[in-house]
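Single-letter residue listing:
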Amino acid sequence: MPYRLLKYAFKNPEELGDPRYFDQPEKLKSSYDVVIIGGGGHGLACAYYLARDFGITNVAVLEQGYVGGGNTGRNTTIVRSNYLTPEGVKFYDESLKLYLDLSDDLDINLMYSTRGHFTLAHSDSAMRTSRWRAETNKHLGIDSEVVDRQFIKNEVPYLDLDCGGTHPIMGALYHGPGAVARHDAVAWGYGRAANVRGVEIHQKTQVTGIKTNDDGTKVVGVETNRGFVQAGKVISMVAGSSPRITSMVGLKTPIEIFPLQACVTEPVKPFMDTIIVSGSLHCYVSQSSRGEMVMGASADPQELHSTRSSFDFVEGLTDQMMDLLPFTGGLRLMRQWAGMCDMTPDFAPIMGKTPIDNFYLDGGWGTWGFKATPVSGKTMAYTVANDKVHDLIKPFGLDRFDTYKLVGEKGAASVGH
Amino acid sequence: MSYRLQEQPFEWIDRSKTVNIEVEGRPMRGFEGDTISSTMLANGVIHMGRSFKYHRIRGPFTFANHDINALFENADKTHVRGDVELAEDGLKLKGANTIGGIAKDKFRHLSLLSRFLVVGFYYKGLFKPRFLRPFYERIIRESAGLGKVDLNWRGGRKSKRYGFCDVLVIGAGPAGMAAAKAAAESGAQVMLVDENAQIGGSLDYQYANDASVADTRSELKEAVLNNENIEVHTSSVAVGWYTDNWMPINTPNGIIKVRAEQVVMATGLFEQPSIFHKNDVPGVMMASAAQRMIARYAIKPCEVAAMVVANEDGYRAALDLLKAGVKINAIADLEDHEDRGDLAKQVKAQGVQIYDHHGIYEVEGKDRVTSATLCPLNASGELDTSRKTTVPCDGVMMSVGWAPATHMLFQCKADIKYDATIGQFRAQSLPEGMFAAGRVNGVFDIKDQIADGAGAGQQAAAAAKGESADVQRPEPTKVRQSHEYPIFSHPKAKNFLDYDEDIQLKDYINAAKEGFDNIELIKRFSTNGMGPSQGKHSNMNGIRILAKHTGKSIDETGSTTARPMFHPTPVGHLGGRRFRAERVTPMQESHVAHKAVFMEAGAWLRPEYYDTEATRTESIHAEVNAVRTGLGIIDVSTLGKIEVFGPDAPEVMDRICTMRMSNMKIGMTRYALVVDEAGVITDDGVVVRYADDHFYYTTTTGSSDPAFRTLQKQILEWGLKAEAVNRTGQLQAMNLAGPLARQKLAPLTDIDLSEEAFPYLAARTGTMYGKPVTLARVGFVGELGYEIHCLSGDAAEIWDNLLRDCADAGIRPFGVEAQRLLRLEKGHVIVTQDTDGLTNPYEAGMPWAVHMKKDFFIGKRSLEILKPLQARKLMGFMFPESYSGGTPKECHLLIKDGELNGRITSVSYSPTFNRYLGLAYVDDMNANVGDAVNVRLDDGALVEAELVSLPFYDPEGKRQTCDVDGTEEKVA
């Protein structure tokens, strides 16, 4: 029995003097150096790195719901760095490296588990994209390769390589470092670590407006459902709600919101050690540490600002899943849910400074926000603290949509969007 | 010991038919209609399974489809619900989530370690030191999950169908039956759905002995089962509510999808446990579970009972127990039985000792409960443990409150608030098309329930006709039905809040203390309600505990989100019958006869090549040679074929394509390049102009549908006078190509093929073999060629005739691979292969295809900006003829000084040039023809290739215009 658990066995949490994960301050202060809008993984990570790396602790994280209740708690927890562009690969690889040490950093078991990640190819063109990604990845030192049917068969013997007779699997992109982690714990760990360093986390606190100076060139504070607070700097880290925040300062972005749905089966004894993605069949699956099979598909085909579930999603997904994993017909689906993805035209995020002084943006995460949590927190903290865009995120500036210097990550999407 | 009782009035078992099952090797006999659990009980077995976390022994608990500790499995399936799934003759089962069986489970003593397995223990520990992490992970994974999956399982798919009704009623209890009856009698088509094997609901188990409802019961059942306007589905569960009353119903035979005009939710309630020490020991159960056992399966729940009650239903259950011959040693009433009405008096009159203002503090017993200890409640609602009364018993029945089945009401965004008078959530208002009736609606009196159901049924039927019914609905009850806090702490814990996840009271409170004092957060941290029953017996108590801990009201505390599925639903049912559209062209028979090897192109099957030579490569090269030197024909029927008509058709085409189309002469064709608003190439094809106001437009195989959608949308959006028709399936096409094309085709058509009458890029209509055709002179493969477009019904005949009549010219059908090679030699791009998610026409080497002088076309603004930003260009490259190293492949990278310098998009060994050649993006605007580039192969080797000008083949384009080697003169 590990010692760490012994101490909990005989004492209550308050007797142990462990820090509460998140204090619930009664009141908002009248002024903060930095206000972070959004208490998901990114917002809390940014708060943590601001405090840890730059000593900026007069920080409030404002969350309209509860900590990690947005896409942090809704994604399918996959971490990988086998992206398509050099910019994307470097960025996500830094994130993956941060993840490897994160349990120790935050003193919470994130159950980060390296599983290996297959992106199955069922067509010539999917094979070509796989090779493109593998070649780019290898060039940048990422463990990533195109594998053949035999390799897949050895690693995932229960996969039907013939897919029920249509669109058989030709090969795959295999990414050994692909991993899963407990998504909620990432938010909780960052939240607690920021909290103990003095950052205030205010849940059920909705930003209703952003105040600027008279000519609208500089942000000075935020209006909330609990009153106005002055802010030296304001960062929007709200993923699916990004357009709502940016419209408060009249900032135009090309972000469009699409629901992305997922579901889980009842928990069954773990048998699946890898993460499997099929772009052609629009589905991906892994098995959680609780034993549930966690499954997702493409984003919904139409824009919608809602987290409603749809039945056609589970119909389509389960149909394809039985082609890949024929035994799943005997399992039961337990729960489905949806998140809102803030998609950009080039499938890369929007990060950094904006034309409005003291207003910073971290959005456009589409379906990749979770894997980027540590690195986005870290680089945004750097950017805000120094008022200078971190090198790793320079390619992701909002102005690229004016200058057409787009990043082109569409080919790295797990499934079609 | 047998628990089977004498015949019960509404029992579900057929005593004339026995069934035999085997549970972990032990044979058991039951009757048809018995569930697995009731069969086990009839054979004296109360141990149904092991709990998830601590592997504690568990017995029957709800008998309402969420006994998650009575899960079984066999060779065919797992997570078989013992409490509701039928004991089919010959069934052989074992407990899920055990190693070595239910009795001798390897982890049966894990409970002793529960002190160490605190809430969220896996977050707190099991990750240090780091080198042990894989070991810990293995332990966590070994203990995760319930049932075991057999990876050889197959099947499970069941066809889905659509159902139609005016009024869908969920729940066939008293309110639901009344609703269905009233709606049907008002003229509505009704579908009535219930998860139980039989209709009747609480009428048949809670009110089985209530003589006052005897007539109503038979009247309702009669009406429901015999009304031809009511379609009844039992053992069927509504999967969830989806937008616009889209309600899938999971039946044993598959899912019925219903777009219900109106819905009546008569979903009833789930009974909720009291939380006390060892409230999970076998023998402790919901009072309603005991009533179900007795009424449905004639099972005596125990010999001697103790009860904890907080409502009149508890006394109704007590009377049922007494009637079944159960001795009741004590009833702890959390309040005062005097306030409960007549039933409590009847119970007392039968000599049962009632302890007012008492709760159950703890029970004893290991394999089965042996005694219960009652303590009085003090003024603050806590138990005074200094005054204990212990009574022996082998069963403990809890009737302390209910949680309404509001899941689907939450999903449809009803306004749901906590009704403190009744002690439950209740919808204050409902969206259009939605009604709630019965106890889920807070109406408890049985006659009121029926009246409420009937009223809702009438209203729903009227609403379905667009009318409204003036119906007086009963008021919700004014009597508390659910206790505010039937939850008691104990120093030894083992007082379970959630039986799926083995969450004890202190676990939950500690989670709140640690900062997870938000209802959604505490769910995620403590896992309360995350098991297969999704909180049906734990969410309500969880809310109560958190509300008390934080000093907030129930409404302020809120509930977790109730998402689909209402009940876990088989994946095979959700996926339904497997259907994969596979499209073939009318020439399929010929392809097969010519030994085509097919490839999938979306839904289409296309000949990749014809297996005529010794190897694939040789076959493809033979096809290429035929086209280059004689005659070949390819089936291009899969191309999208769209016609655009109307006075504004020229304008539409100008706006869709990058090239100007409005100045095209009638009878001519033009290359059609399409980009999106960001200037990225999305499609290409050929446009034919038939008339001033009539264009015919081909797209790539995959783009037929999206291109048509875009056209339709844009025509509407622009408000132009034009119509688009997608004729992809109606028309077929083939490309006859090679230096002998004109010579062989001329005698077969009434169209004048002479150069003057039918120049390159022209299109003509006429007939071939008496069939109407359009011929278009296009040059994708770089030879003299005619695309022949014809009606689907004529295509196979034309194709076959051509192969026959051109046999003397050595005609060969060629496949997609040969075409790819031919076009590559000609330097033509394939959209999506030689373009990617950012490619614009300038990068793709097609500035000539962009007519910037047009006022507008989709993507024009972007292309204006992109033109000067061009940072890469698509160029041709060749390997030396002498090259003999590894195979270059598409998407191999170009490397310059160790940095990325581009990517191959197409590469092939050319039989025409006897070397590898291909197209590549070069990330260097200064790169020139003649420069060397380095290609990195699979093994990392860098090999040198030379950039060459495009096209590789016939750079002057003479062959397409047929100025070739004298073959021309032979044509008349």
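A short tour of the structure in this document, coming up. Note that the coordinates shown come from a computational prediction; the quantities given were computed from them, not determined experimentally. (Residues numbered from 1 in each chain as written. Chains lettered and ligands numbered in written order. Predicted model: local features only at pLDDT ≥ 70, side-chain atom pairs only at ≥ 80, totals over all residues. Heavy atoms only, no water.)

Using the criterion set out here, one finds 46 aromatic pairs over all chains in the structure. With 5.5 Å between their ring centres and 65° between their planes, W188 of chain A and F525 of chain B make a pair best called edge-to-face. Within this pair, whereas W188 of chain A is found in helix α7 (residues 183–196), its partner F525 of chain B is found in helix α13 (residues 519–526), the two belonging to separate chains. Residue classification places W188 of chain A among the buried residues on the basis of a relative accessible area of 1%. Both rings, one in Y123 of chain B and one in F525 of chain B, keep their centres 5.4 Å apart while their planes meet at 20°; by these two values the pair is stacked. Of this pair, Y123 of chain B sits in helix α2 (residues 121–124) while F525 of chain B sits in helix α13, and the two are 402 residues apart along the sequence. In this structure F525 of chain B comes out as buried when scored by relative accessible area, which is 0%. In this structure an aromatic cluster arises from ring pairing among Y21, F22 and W188 of chain A together with F121, Y122, Y123, F516 and F525 of chain B. Seen from the ring of W132 of chain A, R903 of chain B lies directly overhead, with NZ or CZ sitting 3.4 Å from the centre. (Phe/Tyr/Trp six-rings, centres within 6.5 Å; stacked < 30°, edge-to-face > 60°. Helix = DSSP H or I, 4+ residues; strand = E, 2+ residues; numbered from the N terminus. Buried < 20%, exposed > 50% of the residue type's maximum accessible area, 1.4 Å probe, protein only. Lys NZ or Arg CZ within 6 Å of the ring centre and 35° of its normal.)

Before going further, it helps to spend a moment on the packing of helix α3 (residues 41–54) of chain A against helix α10 (residues 373–386) of chain A. All names here are of chain A. For the pair α3 and α10, the least separation of the axes is 7 Å and the interaxial angle reads 55°. Taken as axis vectors, α3 and α10 run oblique relative to one another. Crossing angle aside, the handedness with which α3 passes α10 is right-handed. Within the contact between the two elements, α3 uses G41, H42, A45, C46, Y49, L50, R52, D53 and F54 and α10 uses T373, P374, S376, G377, K378, M380, A381, Y382, V384, A385 and N386. (Axes fitted to C-alpha atoms, helices over the stretch in contact; angles between N-to-C directions. Parallel < 35°, antiparallel > 145°, perpendicular 65-115°, else oblique. Left-handed = near helix turned anticlockwise from the far one by under 90°. Contact = heavy atoms within 4.5 Å.)

Before going further, it helps to examine unusual backbone geometry. Residue and element names in this part refer to chain B. For the bond from K128 to P129, the omega torsion is -5°, close enough to zero to count as cis. You can see P129 is positioned in the loop between α2 and α3 (133–143). Following P564, the chain continues into M565 via a peptide bond in cis, with omega recorded as 5°. Mapped onto the elements of the fold, M565 is located in the loop between α15 (554–557) and β31 (569–570). A positive phi angle, close to 60°, is found at L126, a residue other than glycine. Locating L126 in the fold gives a position in the loop between α2 and α3.

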